[in-house]
Amino acid sequence: EDQCAPAVAQALRMVVYMERGEFSAFFAECAAGLHNLGASLVRPLLQPLRERALKVVCAAFLPSLPLSRAAVLLGFGGDAAVCREWLRAKGAIVELACANNDDDALLLTHATTAAFRAQAESRDREIGPAPPSR
């Protein structure tokens, strides 16, 4: 990696982070700035990677996690308000201690995992049984 151009070295690191599921390192690298057209290349990967990271975070931090910590782990740079809106749009369960105060908010990881499981089961019922394999 030392002999590569900086942009190539960064791209290699990003691929390794994605493959290993090192979400914090991936998002930190994004926040630090990407070389050349790196931001354009990474942009379509952010949402699926955040969704994957959310599932890992929910499994790792039971029964809840401070929203401020979730914002960092999910690549929102600590912006709890933006993270809260994204989480709610994804169907995650966020509990506010005070109305519209993200300082004491919690991502209810256990409840979120259960909600995601229920959503997946509902989708499976709508699609119907899989065809028999040959």
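Residues numbered from 1 in each chain as written. Predicted model: local features only at pLDDT ≥ 70, side-chain atom pairs only at ≥ 80, totals over all residues. Heavy atoms only, no water.

**Considering the packing of helix α2 (residues 23–32) against helix α3 (residues 38–60)**
Following both chains from N to C, one finds α2 and α3 inclined at 150°, their axes separated by 10 Å at the closest point. You can see that α2 and α3 cross each other, and the crossing is left-handed. Contacts between α2 and α3 involve Phe23, Phe26, Phe27 and Cys30 on the former and, on the latter, Val42, Leu46, Leu49, Arg50, Arg52, Ala53 and Val56. Classifying every residue of the contact of α2 with α3 gives nine nonpolar, no polar and two charged. (Axes fitted to C-alpha atoms, helices over the stretch in contact; angles between N-to-C directions. Helix = DSSP H or I, 4+ residues; strand = E, 2+ residues; numbered from the N terminus. Left-handed = near helix turned anticlockwise from the far one by under 90°. Contact = heavy atoms within 4.5 Å. Nonpolar A, V, L, I, M, F, W, Y, C, P; charged D, E, K, R; others polar.)

**A look at the confidence of the model for the protein**
Detail in the predicted coordinates should be disregarded across regions flagged by low pLDDT. Residues with a pLDDT of 70 or more make up 91% of the protein, whose mean pLDDT is 88. Taken element by element, the predicted model of the protein shows its lowest mean pLDDT in helix α6 (residues 109–127) (88) and its highest in helix α5 (residues 80–90) (95). (pLDDT = per-residue confidence, 0-100.)

**Focus: the state of the cysteines**
Each disulfide consists of a covalent bond between the sulfur atoms of two cysteine residues. Taken as a whole and judged by the stated rule, the model has zero disulfides. Free cysteine Cys83: the closest other cysteine sulfur is in Cys58, separated by 10 Å. (Disulfide = S-S within 2.5 Å.)

**Points about unusual backbone geometry**
For the peptide bond that leads from Leu62 to Pro63, omega is 0°, which places it in the cis range. Looking at where Pro63 falls in the secondary structure, it is placed in the loop between α3 and β1 (65–66). If you check the backbone angles, Asn36 has positive phi at about 50° while not being a glycine. Topologically, Asn36 is positioned in the loop between α2 and α3.

**Considerations on the packing of aromatic side chains**
Two descriptors summarise a pair of aromatic rings, namely the distance from one centre to the other and the angle between the planes of the rings. Going through the model one piece at a time under the given rule, you end up with two aromatic pairs. On the numbers, 5.7 Å between centres and 80° between planes, the contact of Phe26 with Phe27 is edge-to-face. For Phe27, a relative accessible area of 6% corresponds to the buried category. Judged by centre distance (5.7 Å) and plane angle (50°), the rings of Phe76 and Trp86 are tilted. (Phe/Tyr/Trp six-rings, centres within 6.5 Å; stacked < 30°, edge-to-face > 60°. Buried < 20%, exposed > 50% of the residue type's maximum accessible area, 1.4 Å probe, protein only.)

**What to know about helix α1 (residues 6–20)**
End to end, α1 covers 21 Å across 15 residues, agreeing with the expected 21 Å (1.5 Å per residue, within 8%). Along α1, the positions that sit buried rather than exposed are Ala9, Gln10, Met14 and Tyr17. Down the axis of α1, the sector holding all buried residues measures 140°, keeping them to one side. (Expected span 1.5 Å × (residues − 1). Arc of directions from axis to C-beta.)

**Topic: the side chain of Thr112**
Within the element layout of this structure, Thr112 appears in helix α6. If near-sequence neighbours (up to four positions away) are discounted, Thr112 is found in contact with Cys58, Ala92, Ile93 and Leu107.

**Here's the deal with the environment of Glu29**
By the element assignment, Glu29 lies in helix α2. Considering only alpha carbons, one finds Glu29 and Ala89, 60 residues apart in sequence, at a separation of 25 Å. Beyond its immediate chain neighbours, meaning those up to four positions away, Glu29 contacts Gln10, Arg13, Met14, Tyr17 and Leu34.

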